[in-house]
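Summary of structural features
Here's the letter readout for the chains.
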Amino acid sequence: MSDPIIKPTHEARKGDVVTPAKGKGWFYTDMVKEHFFSPKNFLEDEASYKQAYLGMVGSPACGDAMKVWLKIETIDGVERIKDFKWKTFGCASAIASTSMLSVMITEEGGMPVEDALKLRPQDIMERLGGLPARKVHCSVLGDKALRSAINDYFRKSGQHDRVEVEHGRLVDKVLKITDHDIEEAVLEGADTLEKLQEKIKVGTGDPSCIPDVEQLLRFYKEKHFGA
Amino acid sequence: MKSLSLSYLDHAAATPVDARVLEAMLPYFSSVYGNPSSFHSVGIEAKRAVQEARKRIASLLNAQEENIIFTSGGTESDSLAVLGIPRTKVHLDALRAKLGEETIPHVITSSVEHHAVLEPLLFLKKRGEIELTVLDVDRQGMVAPQDVVKALKENTLLVSIMMANNEIGTIEPIADTGRAILSWRKERETPYPFFHTDACQAAGYLDLDVEKTHVDLLTLNASKMYGPKGIGLLYIRKGIRLAPLIIGGGQERNLRSGTENVPGIIGLAKAFELAQASREEESSRLTVLRDALAEELLTIPKSVLNGHTTKRLPNNVNVSFLDIEGEAAILYLDAEGIMASTGSACASSSLDPSHVILATGLSYEAAHGSIRFTLGRSTTKEDVQHVLQVMPGVVERLRHMSPVNLDMKYFEKQ
Ligand code: FES
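Note that the structure is a prediction, hence the values are computed from the model and not measured. (Residues numbered from 1 in each chain as written. Chains lettered and ligands numbered in written order. Predicted model: local features only at pLDDT ≥ 70, side-chain atom pairs only at ≥ 80, totals over all residues. Heavy atoms only, no water.)

Here the focus is the overall build of chain A. The helix and strand inventory of chain A stands at 8 helices and 5 strands. Going residue by residue from the N terminus, the α and β elements of chain A occur as α-β-β-β-α-α-α-α-β-β-α-α-α. Counting only residues that meet the buried cut, chain A has 48% of its 227 residues in that class. A fraction of 57% describes how many contacts in chain A between residues 6 or more apart in sequence connect residues 24 or more apart. Approximately 11100 Å² of chain A is accessible, and the part contributed by carbon and sulfur atoms is 53%. (Helix = DSSP H or I, 4+ residues; strand = E, 2+ residues; numbered from the N terminus. Buried < 20%, exposed > 50% of the residue type's maximum accessible area, 1.4 Å probe, protein only. Contact = heavy atoms within 4.5 Å. Areas by Shrake-Rupley, 256 points an atom, 1.4 Å probe, with all protein chains shown as cover.)

Residue and element names in this part refer to chain B. Read from one edge of the open sheet, 7 strands run E2-E8-E7-E6-E5-E3-E4, paired in mixed fashion. Since the sheet does not close on itself, it has two edges, and those belong to strand E2 (68-71) and strand E4 (131-135), each with one partner. Between one strand axis and the next, the sheet turns through 20 degrees on average, direction left out of account. Bridge analysis of strand E5 (residues 156-160) against strand E6 (residues 194-198) gives 3 bridges, and the strand direction is parallel. Bridging from a neighbouring strand, valine 159 pairs with phenylalanine 195 of E6. (Pairing = 2+ DSSP bridges. Axes fitted to C-alpha atoms, helices over the stretch in contact; angles between N-to-C directions.)

This part covers a nonpolar patch on the surface. Residues and elements named next belong to chain B. Judged by side-chain polarity, Leu22, Leu26 and Phe29 come together as a nonpolar surface patch covering roughly 290 Å² of accessible area. Residue position: phenylalanine 29 is located in helix H2 (residues 27-30). We classify phenylalanine 29 as partly exposed; its relative accessible area is 49%. (Patch = residues over 30% accessible without salt bridge, like charges linked within 9 Å, V, L, I, M, F, W, Y side chains within 5 Å. Salt bridge = Lys/Arg side-chain N within 4 Å of Asp/Glu carboxyl O.)

What follows is about the UniProt feature "domain: Aminotransferase class V" (unreviewed entry) in chain B. The sites that carry the UniProt feature "domain: Aminotransferase class V" (unreviewed entry) are, in the present numbering, residues 8-386 of chain B. Between the C-alpha atoms that bound residues 8-386 of chain B the distance is 11 Å, and the span itself is 40% helix and 14% strand. (UniProt positions renumbered as here; feature names shortened; annotations may be inferred.)

Another point: the pattern of salt bridges. Summed over all chains, the structure comprises 37 salt bridges over all chains. Of the charged contacts in the structure, one is a salt bridge between A:Asp191 and A:Lys195, with a shortest N-O distance of 2.8 Å. Residue classification places A:Asp191 among the partly exposed positions, given a relative accessible area of 34%. Between B:Arg188 and B:Glu187 there is a salt bridge; the shortest N-O distance is 3.5 Å. On the basis of relative accessible area, B:Arg188 is assigned to the partly exposed category, the value being 36%. By relative accessible area, which is 63% here, B:Glu187 ends up exposed. Overlapping salt bridges bring together B:Arg185, B:Glu211, B:Asp216 and B:Arg237 as one network.

Another aspect to go through is the domain arrangement of chain B. Think of interface size as the accessible area that goes away when the parts come together; that is how it is often given. All names here are of chain B. When cut into domains, chain B gives domain 1 (7-15 + 279-404) and domain 2 (19-274). On a C-alpha basis, the centres of domain 1 and domain 2 stand 29 Å from each other. With 29 residues of domain 1 at the interface, the matching set in domain 2 holds 33 residues. Across the domain 1 to domain 2 interface the summed buried area is about 2700 Å²; carbon plus sulfur atoms make up 53%. The three residues of domain 1 that bury the most area against domain 2 are Thr15, Leu313 and Arg377, which together make up 24% of that side's buried surface. Summed over the shared surface of domain 1 and domain 2, the number is 0 salt bridges. Linking domain 1 with domain 2 are 16 residue pairs in polar contact (both at pLDDT 80 or more). (Domains from an automatic or database assignment. Buried area = accessible area lost by both parts, 1.4 Å probe. Polar contact = N/O pair within 3.5 Å; in protein donor to acceptor, adjacent residues only side chain to side chain.)

In structure tokens:
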């Protein structure tokens, strides 16, 4: 009789690393893997970054958190980000996208602050060779932390007029839900009104805003997923 | 990569098919390929094989062969039970005759059930077809039999509690709950409620005798016990009527139409036999490995064991580490040849953390950093050593990258 104990084989693992999500396997690009397994620029010595500009965000979606430390210098009249360090409590996509963002910001002598403000999560994803749809929100995390750190710089350098606060437009007046909250939920996978309501309860107290919500839902789906 | 030693520790997700099972199945693909409903010899041969398999399976469950319905797996069996019972006219009529025309049936389940039980029940509830009670569990994931009894009502038609938990390994006191339900029914001279259990994770480790466990319906599948995927069964106690999900040619006593998956059925029978034969020996062998692994993992700072310390499947170790995210940990482990799983929100398609770990009263953060290792027949001391060599480094590396540094009190829901 053949040996009934089957050892795992390398053949069986050829598929690559896949997340265990229900039936939704996906593959990492080589670039994502490179940045996940050898993350660049994560903060090692907190002590020497006490003076750096700090940005912080948490993702209410999956409960993840991210911190970013920047060093900004003005060279020939251009404010350049010379250093970008980070720490994250998040998945492989969050680690890889922040690592990639740090490279994009610091390459070529440091990205001008003006350009950094124009960066979009899609730009990070492009450099990574793409992320699966339900991981898009992870790349948004790094981008937001960067903006929050730049705001810290503006405040500390007395340029209060340049501080960009994200003014949300109040959509659901009862539950105080803004368009940003809806965007966030869409990024986290709420692609129908039902799922949106399951996540953030929008319109359950004030049904009059539902047409507005549906429009925003379509808009953000189009914006982030092109569908 | 080639020299990397591999440790597959995700047996709760899938097991390899035992070579003896595969061997038993092979003739039924291309030599005994007949349809059991046909009258010619190759059909009759297939029918005979299915009958024989059914008989062997029934005897392992201490049941009669006509009480075994073959399905496509655990999910279908669960659906057939929890959708089928509340949608059966005779049961509805009986409840309404007694309690009034407006009565809808009441179903009791627990917060740690598999999605295959919870989702169809939530579906029925949403459609107004049932009233649903989802029982809380204690810190170890246990559903107390007295809580089940307290929740019983005149219109309770079904109770569904799993035999052992797939995520945290907790073994539920099914026999006690079964006995309590039995005496509740006796006192009131009613056939209701029926008691269903999902025993997919328990096969191979626990005694599935339906008389000892006092269950009326039991779900089992082959793919968790070294059998093929795509085949399962529902045991239905004699005399219990239930509405089918799949209607057609009338196979499986009209309860599950469709040509029988003959090789699958043969494989299921063989796998079940082998699993039950090695049950005690394998359970004690794995218990030793399980405890060694758990004990050492818990020496890593800021870690807790999920599930029960002793009333626990012999193959399950589930530990949460604060300040790290599980999906990242799983991928670092995989790079070292260790295959495990996590209850982290990041790893689920809905971005929800494990409902089971949250149900035990742990925080989101704890669910986030939960790692499950499920051992199996191929697991040896070396695999345990392998994990113990790699895991502390993975935790340290991720903590090093993590901006959070939570206090131990954050294991508990705040
Ligand atoms: S950080 Fe949670 S899913 Fe990526």
